[in-house]
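# Architecture and fold: a report
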Amino acid sequence: MTQQNVLVSDTKSGVSLTVFPKPPASPGGYISISRRRVLKNLEINGGQRINAWVESMRASSPTHLKSTPSLSQEHSTWILRHPSALDMFDQIVDASKGKQIVMFLDYDGTLSPIVEDPDRAFMSDSMRKTVRKVARRFPTAIVTGRCKDKVYNFVRLAELYYAGSHGMDIKGPTRSSKYNKDSKAEAILFQPASDFLPMIDEVYQQLVDKTKTTPGAKVENNKFCLSVHFRCVDEKKWSELARQVKSVLKDYPKLRLTQGRKVLEIRPNIKWDKGKALEFLLESLGLANCSDVFPVYIGDDRSDEDAFKKLRDRGQGFGILVSKFPKDTSASYSLQEPNEASDELSSTLGGVETCVPASTFPCVNK
Ligand SMILES: [Mg+2]
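Presented here is a report on the structure given in the accompanying data block. Bear in mind that the values here come from a model prediction, so they are computed numbers and not experimental data. (Residues numbered from 1 in each chain as written. Predicted model: local features only at pLDDT ≥ 70, side-chain atom pairs only at ≥ 80, totals over all residues.)

The biggest cluster of nonpolar side chains holds 50 residues, and the ones touching the most others in it are Phe104, Ile142 and Ile320. Those residues in contact with isoleucine 320, other than ones at most four positions away along the chain, are Ala85, Val296, Ile298, Ala331, Tyr333, Ser334 and Leu335. Among the nonpolar cores identified, the runner-up in size contains 31 residues, and Ile200, Phe230, Leu264 and Trp272 belong to it. (Core = buried A, V, L, I, M, F, W, Y, C linked by C-beta atoms within 7 Å. Buried ≥ 20, exposed ≤ 12 C-beta atoms within 10 Å, placed from the backbone. Contact = placed C-beta atoms within 7 Å.)

In terms of residue burial, helix H11 (residues 305-314) counts as a mostly covered element, since 7 of its 10 residues are buried. Among all positions in H11, only Glu305, Asp306, Ala307, Phe308, Lys309, Lys310 and Leu311 are buried. Tucked inside the fold, the buried residues of H11 contact strand E3 (100-105), strand E4 (140-143), helix H10 (274-284), strand E12 (293-299) and strand E13 (318-322). Count one or two residues on from H11 and you reach glycine 315, which has phi positive near 70°. (Helix = DSSP H or I, 4+ residues; strand = E, 2+ residues; numbered from the N terminus.)

The next point concerns the packing of helix H8 (residues 197-211) against helix H9 (residues 238-249). Running from N to C, H8 and H9 point in directions that differ by 145°, and their axes come no closer than 10 Å. Crossing of H8 against H9: the hand is right-handed. Contact residues: H8 offers Val203, Gln206, Leu207, Lys210 and Thr211, while H9 offers Leu241, Gln244, Val245, Ser247 and Val248. Its residues assigned to classes, the contact of H8 with H9 shows 5 nonpolar, 4 polar and 1 charged. (Axes fitted to C-alpha atoms, helices over the stretch in contact; angles between N-to-C directions. Left-handed = near helix turned anticlockwise from the far one by under 90°. Nonpolar A, V, L, I, M, F, W, Y, C, P; charged D, E, K, R; others polar.)

So, about the packing of H10 against H11. Their axes nearest at 6 Å, the elements H10 and H11 cross at an angle of 50°. Taken together, the axes of H10 and H11 lie oblique to each other. Taking contact as the criterion, the partners of Lys274, Gly275, Leu278 and Glu279 in H10 are, on H11, Asp306, Ala307, Lys309 and Lys310. Considering only residue class, the contact of H10 with H11 consists of 2 nonpolar, 1 polar and 5 charged. (Parallel < 35°, antiparallel > 145°, perpendicular 65-115°, else oblique.)

Looking now at the pairing of strand E10 (residues 255-260). Where burial is concerned, most of E10 is hidden: 6 out of the 6 residues are buried. The alternating pattern of E10 places Leu255, Leu257 and Gln259 and Arg256, Thr258 and Gly260 on opposite faces, both of which are buried. Taken together, the 6 bridges between E10 and strand E11 (residues 263-268) define a ladder with antiparallel strand orientation. Residue pairing across strands places threonine 258 opposite glutamate 265, the latter belonging to E11. Taking the residues that link successive antiparallel strands as the turn, the E10-E11 hairpin has 2 residues, and the phi of lysine 262 there is positive, at about 55°. (Pairing = 2+ DSSP bridges.)

Taking 1.5 Å per residue, 15 residues should reach 21 Å; H8 reaches 21 Å between its end C-alpha atoms and fits that length. All buried positions along H8 are accounted for by Ile200, Val203, Leu207 and Thr211. Projected onto a plane normal to the axis of H8, the buried residues spread over an arc of 65° and lie on a single side. Residues of H8 that are exposed and point over 90 degrees away from its buried face: Pro198, Gln205 and Asp209. Tucked into the core, H8 has its buried residues touching strand E8 (218-221), strand E9 (226-229), H9, E10 and E11. (Expected span 1.5 Å × (residues − 1). Arc of directions from axis to C-beta.)

Looking now at the environment of serine 76. Structurally, serine 76 is set in helix H3 (residues 69-81). Here serine 76 falls in the exposed class, since 10 other C-beta atoms lie within 10 Å of it. Sequence spacing of serine 76 and proline 326 is 250 residues, and the spatial spacing of their C-alpha atoms is 9.0 Å.

Attention now goes to the environment of leucine 257. Looking at where leucine 257 falls in the secondary structure, it is placed in strand E10. Residues leucine 257 and cysteine 225, 32 residues apart in the sequence, show an inter-C-alpha distance of 9.9 Å.

This is how it looks when you write it as structure tokens:
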């Protein structure tokens, strides 16, 4: 069972950091850091606190993983607990029979590969074709940390729901959908952090200015949140870059910092995340209280854990983690890479041919 994320307030600087569950120890790859040690580091002094951030981010972005016997064994053990969604396909289809599937898809690392330049994280034409087919069969949402408009320009499918900025910017399909004939319901627009826009813009400018001395650093404005990308920064400079980010954020106690795959993310310190966005979308679709809804969430990053956990709490559907490496996760199944996500989506389309058609939406078996 995955431990819950812990929100730690740094009272001295006013900066909050969400500490995620540690990955399992693995020689040659993950850096093993205990939760206790992370918390201790957060409490001691600025230097060690920075180290905790960087170590935790490095642990979630294993780039130097070498194949060792013990690692293979660890991976095998992990796969037993989180089997490949492709291998478990028949069981998944059985579990969804007679239920309304709703598909939630992260973007980076799930529909598109992780690339050095985040502005060039394009999805393939075949992936787009697959997602389009999926959206014809099931309500489908993209749930991402990216700015909603930017991810829309990558995906370019008007029939989807888009939850950008970690779910803080939600918009429904822009044209008529067979899923819901209620025109008001189709015009979903939800922005729980709109008051933060001026502050986010201000911090964006300061971060751009502060980090320009670090080669390769890139600050991305995702409208309601910001991303500081470490992808093109020499690992020896990661601590320096994290220090620069912290020096800006110390004056903004209403913002919090989380770390993901080679990225530090800054967002409003409100109780809203991808899990809440999932629930909001189910509610908007009129499915939140249906016993026969079957939500499927596919994602690769730590921010997706909130959605995986939400599904576990609801006892409906399941989460699929896209990862080549063992990670502590609330997802039920795993996939190795975006190509496998495409295969899984295609298989789902074929496998549910005999299931109850989506046109009986919102509740299949009222
Ligand atoms: Mg992702």
